[in-house]
Amino acid sequence: MNKKIKVLCFTDDTVGRDVEMMLPIRYFAERFLNCEFYHALNIDIHEIYRQRPDVILQANTIGSNLYFQISKIAHEQNIPLFALISEGNFRTDGSFDYWGFNRDKKFYQEYICCWSDRTAEFLRKEVPEVKDKIVVTGGVGFDRYIIYKYLSKENFLRKYSHTQFSKIIGYAGWAFGKLDHKRGRNELLVWAKGDENKLIWIEEQRKKVRDILKQTIENNPSTLFILKQHPQENSPERTEAVKNEMSELAHYENVLYLCGEEAIHDLISVSDLWTCFESTSALESWLMGKQTIFINPEKDFNRDPLYKGSALIQSYDEFQKLIDEFYSSGRIEQFFEDEKAARRNELIKNIIGFGDGLNHIRAGYYLQKTINNYFRADNRQQATDNQPLITNHQSRYNFHFWHWLVYSLIRIAGPFYNRAVYSRLYKFKKHLWVFENYKMYKLHELYKRYVPFFDKFYSSNNIEASFKNNSLFKNLL
C-alpha cells in the first residue's frame, strides 16, 4: 500500500493572500507527490496534536506570532516544515526586518523560499550560515493571474445590478485608514521610521487623492468606479467604519466601495483600467494584461519602484486626460513607453522572479525534496495506516494545554456565534475572524472552484508528461 504523506497546512484566513499561495502547491502535491491535505487556521495549533501530520506547510514563518510559534513547535517536535515567504518583495537596502516575529532569529523551515535572485542573494549575505537553505521559487501567489479564469465584466455588473455601465475603472486603496486607530498609527509609524511628521503627510495625501477621485467620479457619471479597501487597513477588534481616501465617496451612484466582498484578481479582471496610490496589485494587473495608473499628488516619496512601470498622474486634469486617451484609442501611450515597458519586465523579474504561472511547481520541487529527506520512497510503498512513515527521524506530537484550551473554546463558542453580540465581548471581539472561519468552508469551496483551472493549465503545458520523464524540474530550475 502506498501510504499518502499527510500535510497539515496553516493559513491566517480562509481566503486571501496566504491561501492563494497554498492552494497551487496543494494541487501539485496531491497530483504528483502522493500528499493529502488538512487545513487549519494558524490559531488552531492544537491541530498538530490532533492530526499528527508528516509535514507542516505554511505561507510564512515570520508574519505573525502564530506562524512563528508553529514553526518553532515543528522544529522542537521534529516535524518537517515547508514554508514560503508571504512578503517576498522586500527591500535589500538593510531597512527590511527579515526576522519579523521570529524572536529566535533562526530559520526553522527546511528551505527559505525567496521570490527572486535579488532577495536570495541579499539573504545569503545577511545570513550566510543558512545560505544552503536559501532557494528561489518565484512568487507562488502570483501564479493565479496566469492560471485562473476570472469573473467577467458582464457577470460582475449583473451581480451588483449595474448593467447600465459599460466602462469600469478600478482603484486599489492604500492604508490611509490606519491613521485613526491606535494599532494602525503604530504600524504607519514603523513605515515612517518613527517620524511623526510623516503622519501629517499621510493625511495630506489622503485628502489629495480623495479629491482627485471625487472630481473624476463626478465628471464621469457613465463610468463605474470600483474602490477597493486595503485588506489590512483595519484592525480585527475595530468594528466601526474606516475613514480612508475612498470612504467619503461611497454614496455616488457610479461607485462601488468594496472591502472583502470580492477577490482582488476578480476586480482587476472586470476593470478596464487599474489605478492606485501605491499597490502591489499593479504588478498583478500587468500579469493580467491591464494598463495601470498611479495617482501620486507628490511624485517623490519613499515607496516600492512599481510606479516606474505605470503611467503617473498628480492631478485630476492629468487623470482625466489619460482616461479619455484610453477610451478613445484603447491604450495609454505613457504606459507603453519603451522605458516603462522595460521597467515592467525588470520589476517582474526582480519582484516575483518569474511570471509564467509555474512558481508553485518550483516550490513543489523543494517540497518534494523535503519529503524525500525524511521519507524514503521504498518506506512509503510499504507503509500502511497502522505503520507510520518513519525512516531516519521520529516526530513527536506533544500535548499543550493552552493550545487545547484555545481549540476547545473555539468549538464551544463557535456554534453560538453572533457577530453583533461577540463584537461587544472582551477578547472575543478580537477574534471574530476565527469564529467565522475555523471550519475552513470558504477555503475548501475556493479549491473546488480552482481545480478545473489547474487541470486545463497542466494539460496545455504538458506538466504530467514532463514530470514523468523527469524533465519538468530541469527546465524550470
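Position numbers for residues start from 1 in each chain and track the written sequence from start to end. Totals for whole chains, interfaces and linings use all residues, but because this is a predicted model, local features are given only for residues with pLDDT of at least 70 and pairs of side-chain atoms are given and counted only at 80 or more. Side-chain descriptors were evaluated using all non-hydrogen atoms of the structure, hydrogens and water having been removed beforehand.

Engineer: Honestly, the overall build of the protein in this entry has me stumped. Any pointers?
Structural biologist: Looking only at helices and strands, the protein features 20 helices and 12 strands. In terms of overall size, the protein behaves like a compact globule, its C-alpha atoms giving a radius of gyration of 23 Å where 477 residues would be expected to give roughly 23 Å. Taken along the three principal axes of its C-alpha coordinates, the protein extends 70 × 55 × 45 Å. Note on classification: 1.4 Å probe, protein chains only; a residue is buried when its accessible area is under 20% of the maximum for its type, exposed when over 50%, partly exposed between these limits. Relative to its full complement of 477 residues, the protein shows a buried share of 54%. Residues are treated as being in contact if the distance between any of their heavy atoms lies within 4.5 Å. The contacts in the protein between residues at least 6 apart in sequence include a share of 73% that link residues at least 24 apart. Method for areas: the Shrake-Rupley scheme with a 1.4 Å probe, in which residue coverage is limited to the protein chains shown. Total accessible area computed for the protein in this model is approximately 22000 Å², and 49% of it derives from carbon and sulfur atoms. Positive charges are assigned to Lys and Arg, negative charges to Asp and Glu, while His and the chain termini are left out of the count. Lysine's charge is taken at NZ, arginine's at CZ, aspartate's at CG and glutamate's at CD. Between the averaged position of the 66 positive side-chain charges in the protein and that of its 61 negative side-chain charges there is a distance of 4 Å. Helix and strand assignments follow DSSP, with helices taken as H or I runs no shorter than four residues and strands as E runs no shorter than two, numbered in order from the N terminus. It is over C-alpha atoms that the radius of gyration is taken, and the globule rule equals 2.2 Å times the number of residues to the power 0.38.

Engineer: Looking at this structure, how should I read the nonpolar core?
Structural biologist: Note on terminology: a nonpolar core comprises buried Ala, Val, Leu, Ile, Met, Phe, Trp, Tyr and Cys residues joined through side-chain atoms within 4.5 Å. Phe82 and Phe156 are the most contacted members of the largest nonpolar core, which has 118 residues in total. At nine residues, helix H1 (residues 17–32) tops the list of elements feeding residues into this core. With sequence-adjacent residues up to four places away left out, Phe82 is seen in contact with Ile25, Ile56, Leu57, Gln58, Tyr111, Cys113, Ala363, Tyr366, Leu367 and Thr370. Of all hydrophobic cores here, the second largest spans 14 residues; its members include Trp99, Ile112, Ala120 and Val130.

Engineer: Please explain the side chain of Ser395 as it appears in this structure.
Structural biologist: Relative to the helices and strands, Ser395 resides in the loop between helix H14 (377–382) and helix H15 (401–413). The class of Ser395 is buried, set by a relative accessible area of 8%. Polar contacts, as used here, are pairs of N or O atoms within 3.5 Å; protein pairs need one atom able to donate a hydrogen and one able to accept it. Residues neighboring in sequence count only if both atoms are side-chain atoms. A polar atom in the side chain of Ser395 sits 2.8 Å from the backbone oxygen of Asn78. The residues touching Ser395, leaving out its near neighbours within four places in the chain, are Gln77, Asn78, Ile79 and Pro80.

Engineer: Explanation requested: the packing of H1 against helix H18 (residues 441–460) in the structure shown.
Structural biologist: Helix-helix packing is described using two parameters, namely the angle between the two axes and the distance between the axes. For helices, the axis comes from a line fit to the C-alpha atoms of the stretch in contact; other axes are also lines fit to C-alpha atoms, and the angle between any two N-to-C directions lies between 0 and 180 degrees. Orientation of H1 relative to H18, taken along the N-to-C sense of each, is 60°, at an axis distance of 10 Å. Overall, the two elements H1 and H18 adopt an arrangement that is oblique. Crossing of H1 over H18 shows right-handed handedness. Along the contact surface, H1 presents Val19, Glu20, Leu23, Pro24, Arg26, Tyr27, Phe28, Glu30, Arg31 and Phe32, while H18 presents Leu443, His444, Leu446, Tyr447, Tyr450, Val451, Phe454, Asp455 and Tyr458. Partitioned by chemical class, the residues of the contact of H1 with H18 number 13 nonpolar, one polar and five charged. Here is the rule for angles: anything less than 35 degrees is roughly parallel, anything more than 145 is roughly antiparallel, 65 through 115 is roughly perpendicular, and the remaining ranges are oblique. The crossing is said to be left-handed when, going from far helix to near helix, the turn is anticlockwise and less than a right angle, and right-handed when the turn is clockwise. When residues are grouped by polarity, Ala, Val, Leu, Ile, Met, Phe, Trp, Tyr, Cys and Pro land in nonpolar, Asp, Glu, Lys and Arg in charged, and all others, Gly among them, in polar.

Engineer: Would you mind going over the side chain of Glu20 with me for this structure?
Structural biologist: Position of Glu20 relative to the elements: it lies in helix H1. Buried Glu20, no salt bridge; nearest opposite-charge side chain is Arg144, N-O distance 4.0 Å. Within the structure, Glu20 has its side chain in polar contact with the side chain of Tyr450 (distance 2.7 Å). Ignoring sequence-local partners within four residues, the contact set of Glu20 consists of Gly141, Arg144, Tyr148, His265, Leu446 and Tyr450. One speaks of a salt bridge when a side-chain nitrogen belonging to Lys or Arg is within 4 Å of a carboxyl oxygen belonging to Asp or Glu.

Engineer: Even after reading the chapter, I still don't get the packing of aromatic side chains, so can you show me in this structure?
Structural biologist: Here a Phe, Tyr or Trp ring, Trp counted by its six-membered ring, pairs with any other such ring whose centre lies within 6.5 Å, and the pair is stacked when the planes are under 30 degrees apart, edge-to-face when over 60, and tilted otherwise. For the structure shown, the criterion picks out 41 aromatic pairs. Both rings, one in Tyr148 and one in Tyr450, keep their centres 3.9 Å apart while their planes meet at 20°; by these two values the pair is stacked. Remark: Tyr450 occurs in helix H18 and Tyr148 occurs in the loop between helix H5 (144–147) and helix H6 (153–159); sequence separation between them is 302 residues. For the pair Tyr148 and Tyr450, a shared accessibility class is recorded, and that class is buried. Ring centres of Tyr417 and Phe435 lie 5.8 Å apart, and the angle between their planes is 20°; this geometry places the pair in the stacked category. With Tyr417 in the loop between H15 and helix H16 (419–422) and Phe435 in helix H17 (residues 432–437), this residue pair connects regions lying 18 residues apart in the sequence. Overall, the relative accessible area of 21% leaves Tyr417 in the partly exposed class. On the basis of relative accessible area, Phe435 is assigned to the buried category, the value being 10%.

Engineer: When you look at the pairing of strand S7 (residues 167–172) in this model, what are you seeing that I'm missing?
Structural biologist: Within a regular strand, side chains alternate between the sheet's two faces. In terms of burial, S7 is a largely internal element, five of the six residues being buried. Only strands that DSSP links by at least two bridges are regarded as paired with each other. Examined bridge by bridge, S7 and strand S8 (residues 223–228) share six bridges and lie parallel to one another. Looking at the pairing, Ala172 lines up with Lys228 of S8. Across four bridges, S7 lies against strand S10 (residues 273–276) in parallel orientation. For Ile169, the partnering residue across the bridge sits in S10 and is Leu273.

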